[in-house]
Amino acid sequence: MANVTDLQTKYSKLAQEYSKLRAQNQVLKKGVVDEQANSVSLKEQLKQRDQSLRKQEQEMDSLSFRNQQLAKRVELLQEELATSESKGKKGKSKGDSPSQHGLQTQSVFDEDLQKKIEENERLHIQFYEADEQHRRQEAELRTRLQELEKDSDQHQAVVDGLTTKYMENIERLQSDKVKAQTLEREAKECRMRTEECQQQLRRCQSELNKQVKQSSSVIQEKVPFNDTKFSDFNSLNVPPHNRRHQLKSRDVAGQALSFIQDLVAALLNFHSYTEQRVHIYPLDSSIEPISPLNQKFSQYLHENAAYVRPLEDSFLQLHQSITEDTVTVLETVVKLKTFADNFSSYTHFLQKILPYQLKSLEEESAATLSTAALTAKNQELQSDMKRITSVFDKLKNYINLLALPSVQQDAMPQSSTSAVFTQLAACLHSLHDAIKEMSKHYNQKAGLEQELPTITQKLCTTSECLLGSLGSLTSSTGKIATFFSNNLDFFTSSGYSPRTSTLSLNPLQAESMLANKKKAAAYIQAIKKPRPQTVAYKEALTNRRILTSSTESREGLTQQVMQSQEKIARLEQEKEHWLLEAQLGKVRLEKENQRIADLEVQLAAALGGSPNSLTAAVSTLAQSHEEAEMEQKASGKEATLCTSLVGMLCTTSTVEHAGDEESREQLIKTHYMVRVGELTTQLQISDSKAVHFHSECRALAKRLAIAEKSRETLSEEVKVANQNITRLQDELTTTKRSYEDQLSMMSDHLCSMNETLSKQREEIDTLKLGSKGNAKKNKGR
C-alpha cells in the first residue's frame with residue numbers, strides 16, 4: 001500500500017509538472033508564432049525597401065543620363081556661344097543691330113544654363129539624401145532581422161528542449177504506469193488469496209459450530225444434572241462489590257483525564273504551529289507559492305483536530321462511565337475500546353504525515369542559505385520524528401490489547417494483563433524521552449536559524465510558539481509517565497475476582513454482583529418499612545380464577561366491540577352510498593319534470609295556443625261534460641265519457657258515432673307522436689351541436705393559454721433583445737467616440753507633422769539660397 005501511495009504522489013507531481021510545462025510550451029509556441037509573423041512582416045518590409053531602392057536606382061540612372069545629356073547640351077551651347085562671339089567680333093563693322101540680337105540670345109542661353117545647373121544640383125542633393133536614408137534603413141532592418149533570427153533560434157532551442165523533456169516525462173510515466181499495473185495485479189492476487197482464506201475460515205467456523213452443537217446435545221442428553229455445571233452463576237462464586245476500588249478508579253480516571261486534556265492541547269498547538277512554519281519557511285506563501293509537497297503537508301496538518309479532539313472526548317466518556325454503582329475492570333470497561341480506536345486513528349494520522357515531515361525538512365536543508373549545522377539538526381529531527389511515530393505505534397498496540405477483554409471474554413489472563421501494563425509504562429517513559437530529545441534539537445535549530453541574515457520576525461515568532469508547544473508536550477508526557485508508574489500496582493492488582501477461582505471477572509458475574517447489591521439495598525430498605533398483609537392460598541386461587549375469567553370476558557367483549565365497530569363503519573359507508581344515490585335520483589326527477597314541462601310547452605306551441613289556453617280548453621271541456629250529464633239526466637238518455645292522452649270527450653252511446661271517435665283519436669295520436677319524434681330528433685341534434693361547440697371552446701381555451709404562454713416567452717425574448725440592442729448601441733457609441741477621438745488625435749498629429757515638414761522645407765530652401773549665394777560669390781571672385 002505504501003508503494004501505491006508513493007506512486008500516486010509521483011503521478012500527481014508528474015501531472016502537475018506536465019501541466020506547467022504544457023502551459024509554458026503553449027506560451028513559447030505563441031511567442032514563436034508571433035516572432036515568425038514579425039520576421040515575415042520584416043521580410044516584406046525589406047522587400048518593399050529593396051523595391052523602393054531599385055526604383056531610386058532607376059531614377060538615379062535616368063537622372064545621370066539626363067545630366068549627361070544636359071552636359072552635352074551645355075557643351076554644344078558653349079561651342080555655339082564661342083562661334084557666336086567670334087562671329088560677333090567679325091560683324092562689328094556691319095552695324096549695331098546684329099550685335100544686339102546676339103547679346104539677347106546669349107542672355108537667354110545663360111539663363112537656361114543657370115536653371116539647368118540649379119536643377120542638376122538639386123537632383124544631386126536629393127539623390128544623396130535618399131541614398132543615405134536608404135542605407136540607414138537597410139542597416140537598421142538588417143540588424144533587426146539578425147536579432148529576430150537569433151530570438152527565433154533561441155525559442156526553437158527552448159521548444160526542442162521542452163519536447164525532449166516531455167518525451168522523457170512521458171516515458172517515465174509509462175514506466176510508472178506499467179509498475180502500477182503490476183502492483184494492481186499483485187493486489188488483486190492478494191485479494192483473491194484473502195477471499196480464499198476467508199472462505200476457509202468460514203468453513204472451519206461452520207464445522208466448529210456443528211461440533212459444538214453436537215457436543216452440547218450429547219451433554220444435555222447423556223450427562224446427568226450437576227450443580228457445578230453453571231459455576232459462574234453460583235452465588236458463592238460471585239465476588240462482593242468493592243466500593244473503595246470504585247472510588248479509587250474514579251479518582252485515577254479523573255487525574256488521567258486532566259493529563260490527557262493537557263496532552264491534547266499540546267498536540268493541537270504543535271500541529272498548528274508546524275502548519276504555520278510550513279507556510280513561512282523555506283518559502284513564504286504570502287510572497288511566492290510553496291511547493292506542492294508542503295501544500296499537501298499543510299492540508300493534512302490542518303485536519304489534525306479531527307484526530308486529536310476525539311481522544312479527549314472518548315476518555316471523558318470513559319471517566320463518566322466509572323461510578324460507584326458500576327464494576328470497573330478491563331472486561332466491563334466498554335468505553336476503553338472507543339478510546340483505543342481513536343488513538344489508532346491518530347497513530348495512522350502520524351504515520352500519514354511522517355513522510356511529508358521528512359521531505360519538508362529535506363527541503364529546508366536544500367535551501368540556498370542552509371548551513372551544514374542546520375542540515376545536521378534537520379537529520380536529527382528526522383530521526384526523532386521516526387522514533388516518536390514508532391513509540392506511538394507501540395502505545396496503540398498496548399492500548400488495543402487492554403481494550404480487547406471488553407470485546408472478547410477470556411481474551412487475556414491476569415498475568416498477561418500485568419505484563420501489558422508494565423510495558424505500557426515503559427513505553428510512556430520512552431515517549432517522554434523522545435519528545436524531550438526532539439525539543440532539545442529543535443531549540444538548537446532555532447538558535448542556528450536566528451543567526452541567518454534573512455530571518456524574518458514572523459519565522460522567529462512561529463519558532464518560539466513551536467518551542468513552547470514542545471515544552472508543554474514534554475511536561476504533559478512526563479506527568480503521564482510518572483502518574484502511570486506510580487499507579488502501576490493499582491492497575492495490575494485484581495480489585496474483583498471470584499472466590500472459588502483465579503480467573504478474571506466476566507460481564508455476567510458483574511451484572512449478577514450489581515443485581516445482588518441492588519437486592520441487598522432493597523431488602524435493607526424493605527426491613528425498615530412495614531410489610532403488607534399476606535393472602536391465603538385458597539383465596540389467591542379464587543382470585544386468580546376470577547381474574548382469568550374477567551380477562552377472558554374482557555377479551556370477548558373487546559372482540560364484540562371490534563366487530564360492532566366494523567359493522568358501524570360498513571353501515572356508514574352504505575349510508576353515504578345511498579345518500580349519494582338519493583341525490584342522483586332527485587336530480588334525475590327534476591330533469592324529468594323539466595323535460596315534461598318543456599314537452600307540454602312544445603305541445604301547446606304546436607297546437608297554436610299557450611298553456612293557459614290548453615287549461616282553459618280542458619276546463620270548458622269539463623263544464624260541457626257536466627252540462628251534458630245534466631241534460632242526459634233530464635232526458636233520461638245514457639252518455640259515455642272517453643278519456644285519452646289529448647283530453648276527455650263526452651259522447652252519447654250511439655253506435656254510428658263510435659267508429660268516428662276511434663279514428664279521430666288514432667289520427668290525433670299519430671300526429672302528435674310524429675311531432676314528438678321530430679322534436680326529440682331536433683333536441684338530440686342541438687345537444688350534439690352543444691357538445692361539439694363545448695369541445696371547440698375547450699380547444700380554443702387551450703390554444704389561448706398556449707398562445708398566452710408563447711406571448712409571455714416572446715415578450716421576455718423581446719425584452720432580452722432590447723437589452724442587447726441598447727447594450728450594443730452603447731458599445732457602438734463608445735467605439736464611435738473612441739474612433740473620433742483617435743481621428744482627431746491623428747489629424748492633430750498630421751497637422752503638426754505638416755507644420756514641421758513645412759518648416760524643414762523652408763529651412764532647406766533658405767540653406768539652398770544661402771549656398772547658391774555663396775557659390776555665386778565664389779564664382780565672382
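So what exactly am I meant to see when it comes to the overall build of the protein here?
Check the secondary structure of the protein and you find 14 helices and two strands. Excluding contacts between residues fewer than 6 apart, the proportion of contacts in the protein whose partners are at least 24 apart in sequence is 81%. Per element, the accessible surface of the protein, about 56400 Å² overall, is 56% carbon and sulfur.

Before we go on, may I ask you to explain the nonpolar core in this structure?
One broad trend across soluble globular proteins is that nonpolar side chains are buried collectively. Formed by 63 residues in total, the largest nonpolar core has its most connected members in Leu336 and Tyr346. Within the residue set of this core, elements represented by two or more residues are helix H3 (243-280), helix H4 (292-302), helix H5 (305-321), helix H6 (335-365), helix H7 (372-403), helix H8 (414-450), helix H9 (457-486) and helix H10 (488-492). For Leu336, the contacting residues outside a window of four places in its chain are Leu318, Leu330, Leu402 and Ala403. The next biggest cluster of nonpolar side chains, apart from the first, holds six residues, and it includes Leu28, Val32, Val159 and Tyr166.

Any chance you could explain the pattern of salt bridges here in plain terms?
Side-chain pairs of opposite charge can arise whenever the charged atoms involved come near each other. Under the definition given, this model contains 10 salt bridges. Its salt-bridge partner being Asp393, residue Lys396 comes within 3.2 Å of it at the nearest N-O pair. Taken as a pair, Lys396 and Asp393 lie in helix H7 at a separation of three residues, close to a single helical turn. A relative accessible area of 13% places Lys396 in the buried class. Lys445 is paired through a salt bridge with Glu449; the nearest N and O atoms lie 4.0 Å apart. With Lys445 and Glu449 both in helix H8 and four residues apart, this pair spans about one turn of that helix. Here the two residues Lys445 and Glu449 agree in accessibility, since each one is buried. In the salt-bridge network here, residues are joined through shared partners; they are Arg277, Lys445 and Glu449.

Just checking my understanding: could you explain the environment of Ile353 for this structure?
Looking at the secondary structure, you find Ile353 in helix H6. Separated by 53 residues in the primary sequence, Ile353 and Tyr300 have C-alpha atoms spaced 7.0 Å apart.

How should H6 be read in this particular structure?
For an α-helix, the turn length of 3.6 residues means that residues three or four places apart are oriented alike. Look at H6: 45 Å from first C-alpha to last across 31 residues, which is about the 45 Å you get at 1.5 Å a residue. A bend of about 35° at Ile353 is the largest found in H6, and the proline Pro355 appears one to four places after it.

The rules behind the values
- Residues numbered from 1 in each chain as written.
- Predicted model: local features only at pLDDT ≥ 70, side-chain atom pairs only at ≥ 80, totals over all residues.
- Heavy atoms only, no water.
- Helix = DSSP H or I, 4+ residues; strand = E, 2+ residues; numbered from the N terminus.
- Contact = heavy atoms within 4.5 Å.
- Areas by Shrake-Rupley, 256 points an atom, 1.4 Å probe, with all protein chains shown as cover.
- Core = buried A, V, L, I, M, F, W, Y, C linked by side-chain atoms within 4.5 Å.
- Buried < 20%, exposed > 50% of the residue type's maximum accessible area, 1.4 Å probe, protein only.
- Salt bridge = Lys/Arg side-chain N within 4 Å of Asp/Glu carboxyl O.
- Expected span 1.5 Å × (residues − 1).
- Bend = angle between axes of the 7 residues up to and from the residue.

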